[in-house]
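Understanding the architecture of this molecule
One-letter residues, chain by chain:
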Amino acid sequence: MYVARREVLLGITCKDCTIIVASKAAMRGASILKVNDDKTRKLNKNTLMAFSGEPGDTVQFAEYIQANIQLYSMRNSSDLSPYEVSSFVRSELAKSLRSRSPYTVNLLLGGYNPIKATPELYWIDYLASSAPVPYAAHGYAQYYCLSILDKHHHADISFEQGMKILRMCTDELKRRLPIDFKGVLVKVVDKDGIREEPYVDEKPVYAP
């Protein structure tokens, strides 16, 4: 079973927002097919999903989830919370896992719960495992970034501190990962919705 590890997905919760990060390179084997790929989908006003895995599966599954979550919002005039979205996503992955054509997709689901006024982040893999986490990574990023996140992350970090930790993670990836992932796309989910955050990542980083 093919599980993409060359793609970089990161998630960081701050005290008032969730930061979702995805690499821009669309890769197949040793080839880079696209350098400005958006591996995220907006599910509703306060929930964002980032995906990696088998190229066909990822887009098809992401658009299927996006359409169903938006249909629920239109029918009921209310949005699902990030936890409720994660439960639906996990159930759909569990169903496909027991079918003849399972989706090979790894996901990070980031959001902001306007009722509880708290950021939320869920780590979901292709085996339909789901867990609420303060920070997360998929792909090769988990080998290089989880130790940095474990050391520097705490529950009450500000958005600026979260971006500083993200800079440490991307610098470490550029220093140690022998793959050009073409920079990262950064999106932020807070009480006001989802926005793309400018992120300049052109400065070279040299190994010691």
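Residues numbered from 1 in each chain as written. Predicted model: local features only at pLDDT ≥ 70, side-chain atom pairs only at ≥ 80, totals over all residues. Heavy atoms only, no water.

1. Regarding the sheet that holds strand 10 (residues 135–138)
The strands making up a sheet associate through backbone hydrogen bonding, with each pair oriented either parallel or antiparallel. We count it as follows: A pair of strands is treated as paired once DSSP finds two or more bridges between them. Secondary structure elements are defined from DSSP: runs of H or I of at least 4 residues count as helices, runs of E of at least 2 residues count as strands, and each element is numbered from the N terminus. A fitted line through C-alpha atoms serves as each axis, taken over the contacting stretch for helices, and the angle formed by two N-to-C directions is quoted from 0 to 180°. Note on contacts: a residue pair is in contact if any heavy atoms of the two residues lie within 4.5 Å.
Overall, antiparallel pairing links the 5 strands, which are arranged 10-1-2-11-12 in an open sheet. One side of each edge strand has no neighbouring strand; the edge strands of this open sheet are strand 10 and strand 12 (193–197). Pairwise comparison of adjacent strand axes, ignoring direction, gives a mean angle of 15° for this sheet. Across 4 bridges, strand 1 (residues 9–13) lies against strand 10 in antiparallel orientation. Within the sheet, the bridge partner assigned to isoleucine 12 lies in strand 10 and is tyrosine 135. Those strands touched by helix 3 (residues 141–152) are strand 1 and strand 10, and its axis lies near 165° from that of strand 10.

2. A word on the packing of aromatic side chains
Using the following cut-off: Side-chain rings of Phe, Tyr and Trp (the six-membered ring for Trp) are treated as a pair once their centres are within 6.5 Å; stacked means planes under 30 degrees apart, edge-to-face means over 60, and tilted covers the remaining angles. Only protein chains enter the accessibility calculation, which uses a 1.4 Å probe; a residue is then buried when its area is under 20% of its type maximum, exposed when over 50%, and partly exposed in between. Whether a charge sits over a ring comes down to the Lys NZ or Arg CZ being within 6 Å of the ring centre and within 35 degrees of the ring normal.
Inspection of every chain in the model, using the stated rule, returns 3 aromatic pairs. Ring geometry for phenylalanine 61 against tyrosine 103: centres 4.9 Å apart, planes inclined by 55°, an arrangement best described as tilted. You can see phenylalanine 61 sitting in helix 1 (residues 55–76) and its partner tyrosine 103 sitting in the loop between helix 2 (82–97) and strand 7 (105–113), a full 42 residues away along the chain. Here phenylalanine 61 and tyrosine 103 have matching classes, each one buried. The ring centre of phenylalanine 159 lies 5.3 Å from the NZ or CZ of arginine 195, which sits over that ring.

3. A word on the confidence of the model for the protein chain
Keep this limit in mind: The predictor reports its confidence for every residue as pLDDT, a score running from 0 up to 100.
Per-residue confidence for the protein chain averages 91 on the pLDDT scale, and 96% of its residues sit at or above 70. Across the protein chain, the element-wise mean pLDDT spans from 78 in strand 4 (residues 31–34) up to 97 in strand 8 (residues 118–124).

4. A few points about the pattern of salt bridges
Which entries qualify depends on this criterion: When a carboxyl oxygen of Asp or Glu lies within 4 Å of a side-chain nitrogen of Lys or Arg, that pair is called a salt bridge.
Counted by the stated rule, this structure contains 10 salt bridges. The closest approach of N and O atoms between lysine 39 and aspartate 37, which form a salt bridge, is 3.7 Å. As far as burial versus exposure is concerned, lysine 39 and aspartate 37 are alike and both buried. What you see here is one network of salt bridges that share partners, running through Glu172, Arg175 and Arg176.

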